[in-house]
2 protein chains.
Amino acid sequence: MRDAMEQEAEDAPIRMGAITDSLGFLIRLAQIKAFDNFFENLGDHGLKPGEFTVLWVIGLNPGLRQGSIANTLRIKPAHMTKLTARLVQRGLVTRKTPKSDRRAVRLYLTEEGSGFVEAHRENFLSFNFTEKDNLSQEEADQLTSLLKKFTGLNACH
Amino acid sequence: MRDAMEQEAEDAPIRMGAITDSLGFLIRLAQIKAFDNFFENLGDHGLKPGEFTVLWVIGLNPGLRQGSIANTLRIKPAHMTKLTARLVQRGLVTRKTPKSDRRAVRLYLTEEGSGFVEAHRENFLSFNFTEKDNLSQEEADQLTSLLKKFTGLNACH
DNA sequence: CGGATTTAGTTTCCGCGTAAACTAAATTTT
DNA sequence: AAAATTTAGTTTACGCGGAAACTAAATCCG
């Protein structure tokens, strides 16, 4: 009833061949899933994963230069400028140019920013857990550890 | 010499706290790395990972509907339209509207498209390997398997 | 010192991917 | 069979992220 080679039948299984073993492809899928989970759990506060991460790092390193953060989090300078502007505009972050180097920009959390991180810390950290849907705790730990190795997070850049 | 709490010294180690264990963050880093590797190894042919993947799947399933591919590869319809247009424009793919359903669009590789996939198959598959930089073969396999589980690639959607 | 280079960040412009609204065709309902 | 609904794909408008060119300040060097 249906053509042998051509995919005329809608319900025919779709062959994916070797891409199902492609790290690049799998990582892209994982990215999508992680993103979905993020919004399911803390979409309400209106920040995106990247923004939250920046906020987090500023909280841990008040006064860090904008460029250092960009470098650490693998965000490009051009993007960092806009991202920072957004956070400032929301009143979560302040920029300060030190007298010692008037090119530089140092970042600090505002009161509100501090409160924000404090308020969402649990949610943000649990976001690591809720997205482990299909994984046991051990598997999740293993995945985390392998990704760290793969990305060279330990060895720094 | 430097302020205790503030990050006045440039070379001070940057604290990242719990995000180094955040799957979402790690996956983003992995994504960036995979992307870099892709372009290092086959950036010359001018296709991006997503485009190559689509080409690949069409090759394995000639005549598949555009929407089915989008669904399988988690590409949104709106994007799929543009992506397909690009591939058609490069002469790698042809679109065909079957008489049985004049809304649908079926996709096929052209001669050139077939040749293209054929020519880059090795490169494309080895792309899985070259990006395993920091990982042993066993670790890479393990990572692949965990990502499959995490993304639910086995269980389908 | 004063010109050349480097460094920090910004601005402009562009492409990718998405959401929402839309067009057209098939299907369901009555 | 006509109206309502669903389905397939496209169009439009927008935001995110990046590359390249730029501005301004600091450093290097003769």
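Below is a summary of the structure that appears in this document. Here, residues in each chain are numbered from 1, in the same order as that chain's written sequence. Here every chain gets a letter starting at A, and every ligand a number starting at 1, in the order they are written. With pLDDT at 70 or above as the cut-off, local features in this predicted model cover only qualifying residues; side-chain atom pairs require 80 or more to be listed or tallied, and sums for whole chains, interfaces and linings still use all residues. Heavy atoms throughout the structure, all of them, feed into the side-chain values; hydrogens and water do not.

**Thoughts on the sheet that holds strand E1 (residues 64-65) of chain A**
Residue and element names in this part refer to chain A. The cut-off we apply is this: Two strands qualify as a pair provided DSSP detects at least 2 bridges between them. The way it works is that DSSP assigns letters per residue, a run of H or I at least four long becomes a helix, a run of E at least two long becomes a strand, and they are numbered from the N terminus. Contacts between residues were defined by any pair of non-hydrogen atoms, one from each residue, lying within 4.5 Å. Whenever a helix is involved, its axis is fitted only over the stretch in contact; in every case the axis is a line through C-alpha atoms, and angles between N-to-C directions fall within 0 to 180 degrees.
Reading across from one edge, E1-E3-E2 is the order of the 3 strands in this open sheet, with antiparallel pairing throughout. Since the sheet does not close on itself, it has two edges, and those belong to E1 and strand E2 (93-96), each with one partner. In the sheet, E2 pairs with strand E3 (residues 106-109) via 4 bridges, with the strands oriented antiparallel. Note on E3: the bridge partner recorded for Lys96 is Arg106. In the packing of helix H4 (residues 77-89) onto the sheet, the strands contacted are E2 and E3, and the crossing angle to E2 comes to about 120°.

**Thoughts on the packing of helix H2 (residues 49-60) of chain A against H4 of chain A**
Residue and element names in this part refer to chain A. Threshold: Roughly parallel covers angles under 35 degrees, roughly antiparallel covers those over 145, roughly perpendicular covers 65 to 115, and oblique covers all other angles. Residue classes follow a fixed rule: Ala, Val, Leu, Ile, Met, Phe, Trp, Tyr, Cys and Pro count as nonpolar, while Asp, Glu, Lys and Arg count as charged, and any other residue, Gly among them, counts as polar.
Packing of H2 against H4 brings their axes to within 11 Å, and their N-to-C directions diverge by 80°. By the angle between their directions, the pair H2 and H4 is classed as roughly perpendicular. Contacts between H2 and H4 pair Glu51, Val54 and Leu55 from the former with Met80, Leu83, Arg86 and Leu87 from the latter. A per-class count over the contact of H2 with H4 returns 5 nonpolar, no polar and 2 charged.

**So, the protein's contact with DNA strand D**
The condition that has to hold: Whether a residue is near a molecule or strand depends on its heavy atoms: it is near if one of them lies within 4 Å of it. Identification of polar contacts relies on pairs of N or O atoms within 3.5 Å, with a donor-acceptor requirement for protein atoms, meaning one able to donate a hydrogen and the other able to accept it, and with residues adjacent in sequence counted only if both atoms are side-chain atoms.
Residues in close proximity to DNA strand D total 20 residues, the closest being Lys48 and His79 of chain A together with Gln66, Thr81 and Arg95 of chain B. Here DNA strand D approaches the protein such that, of its atoms within 4 Å, sugar and phosphate make up 71%. Separating a base oxygen of DNA strand D from a side-chain N or O atom of Lys82 of chain A is a distance of 2.7 Å. In the environment of DNA strand D, a base oxygen lies 2.7 Å from a nitrogen or oxygen atom belonging to the side chain of Arg103 of chain B.

**Quick word on the interface of chain B and chain A**
Interface size is often expressed as the accessible area that is lost when the parts come together. Note the following rule: For any pair of parts, buried area is found by adding up, for both, the accessible area (1.4 Å probe) each one loses once the two are put together. Any Lys or Arg side-chain nitrogen found within 4 Å of a carboxyl oxygen on Asp or Glu counts as a salt bridge.
Counting residues at the interface gives 64 residues for chain B and 64 residues for chain A. Carbon and sulfur atoms supply 64% of the area buried between chain B and chain A, which totals about 6400 Å² over both sides. Looking at the side of chain B facing chain A, the largest losses of area belong to Leu23, Leu146 and Phe150 of chain B, adding up to 10% of the total buried there. The interface formed by chain B and chain A contains 6 salt bridges. In this structure, Lys148 of chain B and Asp21 of chain A form a salt bridge, with 2.7 Å as the shortest nitrogen-oxygen distance.

**So, the packing of aromatic side chains**
To keep it simple, the criterion reads: Stacked, tilted and edge-to-face pairs are distinguished by plane angle, under 30 degrees for stacked and over 60 for edge-to-face with tilted covering the rest, among Phe, Tyr and Trp rings (Trp via its six-membered ring) whose centres lie within 6.5 Å. A 1.4 Å probe rolled over the protein chains alone gives each residue an accessible area, and that area as a share of the maximum for its type sets the label: buried under 20%, exposed over 50%, partly exposed in between. Here, a charge over a ring means that NZ of Lys or CZ of Arg falls within 6 Å of the ring centre while also lying within 35 degrees of the ring normal.
In this structure the tally under the stated criterion is 6 aromatic pairs over all chains. Residues Phe35 of chain A and Phe39 of chain A carry aromatic rings whose centres are separated by 4.8 Å and whose planes lie at 75° to one another, so their mutual orientation is edge-to-face. Pair noted here: Phe35 of chain A and Phe39 of chain A are both in helix H1 (residues 23-42), with a separation of 4 residues, about one helical turn. For Phe39 of chain A, a relative accessible area of 35% translates into the label partly exposed. On the numbers, 5.4 Å between centres and 85° between planes, the contact of Phe38 of chain A with Phe39 of chain A is edge-to-face. One aromatic cluster is present, formed by Phe35, Phe38 and Phe39 of chain A through successive ring pairs. Over the face of the ring belonging to Phe150 of chain B we find Lys33 of chain A, whose NZ or CZ atom lies 5.6 Å from the ring centre.

**Considerations on the relation of the copies chain B and chain A**
Rules: Superposing copies: least-squares fit, C-alpha atoms only, residues required to have pLDDT of at least 70 in both.
With an RMSD of 0.1 Å, the operation that places chain B on chain A is a rotation of 180° combined with a shift of 0.0 Å along the axis. With respect to symmetry, the two chain copies, as superposed, fit the operation of a two-fold axis.

**Examining the protein's contact with DNA strand C**
Residues in contact with DNA strand C amount to 20 residues; listed here are only the nearest, Gln66, Arg95 and Arg103 of chain A together with Lys48 and His79 of chain B. A share of 70% of the atoms of DNA strand C within 4 Å of the protein falls on sugar and phosphate groups. A distance of 3.0 Å separates a phosphate oxygen of DNA strand C from a polar side-chain atom of Arg65 of chain A. For DNA strand C, a base oxygen lies 2.6 Å from a polar atom in the side chain of Arg103 of chain A. Taken together, the elements giving at least two residues each to the surface near DNA strand C come down to helix H3 (66-73) and H4 of chain A together with helix H4 (77-89) of chain B. A per-class count over the surface near DNA strand C returns 5 nonpolar, 4 polar and 11 charged.

**Overview of the environment of Val88 of chain B**
Residues and elements named next belong to chain B. Relative to the assigned elements, Val88 resides in helix H4. The spacing of Val88 and Thr110 is 22 residues in sequence and 9.0 Å in space, taken between C-alpha atoms. Those residues in contact with Val88 that sit more than four places away from it in its chain are Val93 and Arg95.

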